[in-house]
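For reference, the chains in residue letters:
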Amino acid sequence: MPIYEYECRECKERFEVLQLSKNDGDTLRCPKCQADKPQRVVSLFSSGSINKSSNTSCSSTGST
Ligand SMILES: [Zn+2]
């Protein structure tokens, strides 16, 4: 089951939410100060898109 981490915009409280549907993010509230629309925290483990662009660096230097 997908568990996402959120950070409150108001008090910077971080909390994990078991998200059953994509629309759950709209109704989430901070468990500490009850502020709505918490910021989604993207895990470092899932951000592997940086190494993907290593192939494009070759074509950018083609100035002959
Ligand atoms: Zn809060």
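Just so it is clear, the structure is predicted and the values come from calculations on it, not from any experiment.

Participant: I tried to follow the packing of aromatic side chains on my own but got confused; where do I start?
Facilitator: Considering all chains together, one arrives at one aromatic pair under this definition. Relative to Phe15, the ring of Tyr6 lies with its centre 6.3 Å away and its plane at 20 degrees, an arrangement referred to as stacked. Neither Tyr6 nor Phe15 differs from the other in exposure class; each is buried.

Participant: Teacher, can you tell me more about the coordination of the zinc ion here?
Facilitator: Every protein donor of the zinc ion is listed here as Cys8 (SG), Cys11 (SG), Cys30 (SG) and Cys33 (SG), and their distances to the metal cover 2.3 Å. Considering all four donor atoms around the zinc ion, the spread of angles at the metal, 104 to 118 degrees, places the coordination shape in the tetrahedral class. Summarised as a motif, the one-chain spacing of the donors to the zinc ion is C-x2-C-x18-C-x2-C. Taken together, the positions of Cys8 in the loop between β1 (3-7) and β2 (14-18) and Cys30 in the loop between β2 and β3 (39-41) put the pair 22 residues apart, joining distant regions of the chain. Across the pair, exposure class does not vary: Cys8 and Cys30 are buried alike.

Participant: It is not clear to me how the sheet that holds β2 should be interpreted in this structure. Could you clarify?
Facilitator: Read across the open sheet, the three strands follow the order β2-β1-β3; overall the sheet is antiparallel. Of all strands in the sheet, those with a lone pairing partner are β2 and β3, marking the two edges. Strand-to-strand twist of the sheet, defined as the mean angle between neighbouring strand axes without regard to direction, takes the value 40 degrees. Inspection of the sheet shows β1 paired to β3 by three bridges, in the antiparallel sense. When the sheet's bridge partners are listed, Glu5 is paired in β3 with Val41.

Participant: How should a nonpolar patch on the surface be read in this particular structure?
Facilitator: Where nonpolar side chains cluster on the molecular surface, the patch consists of Met1, Ile3, Leu18 and Leu20 and spans about 510 Å² of accessible area. If you trace the backbone, Leu18 turns up in strand β2.

Participant: Can you help me understand the pairing of β1 in this one?
Facilitator: Every other side chain in a regular strand lies on the same face of the sheet, so the side chains alternate between the two faces. Note: β1 against β2, five bridges, orientation antiparallel. Looking at the pairing, Tyr4 lines up with Val17 of β2. Hairpin remark: β1 followed by β2, antiparallel, with six residues in the connecting loop; positive phi at Lys12, about 60 degrees.

Calculation notes
- Residues numbered from 1 in each chain as written.
- Predicted model: local features only at pLDDT ≥ 70, side-chain atom pairs only at ≥ 80, totals over all residues.
- Heavy atoms only, no water.
- Phe/Tyr/Trp six-rings, centres within 6.5 Å; stacked < 30°, edge-to-face > 60°.
- Buried < 20%, exposed > 50% of the residue type's maximum accessible area, 1.4 Å probe, protein only.
- Donors = N, O, S within 2.8 Å, 3.2 Å for Na, K, Ca; no water.
- Tetrahedral: all angles 85-135°; square planar, octahedral: opposite > 155°, others 65-115°.
- Helix = DSSP H or I, 4+ residues; strand = E, 2+ residues; numbered from the N terminus.
- Pairing = 2+ DSSP bridges.
- Axes fitted to C-alpha atoms, helices over the stretch in contact; angles between N-to-C directions.
- Patch = residues over 30% accessible without salt bridge, like charges linked within 9 Å, V, L, I, M, F, W, Y side chains within 5 Å.
- Areas by Shrake-Rupley, 256 points an atom, 1.4 Å probe, with all protein chains shown as cover.
- Salt bridge = Lys/Arg side-chain N within 4 Å of Asp/Glu carboxyl O.

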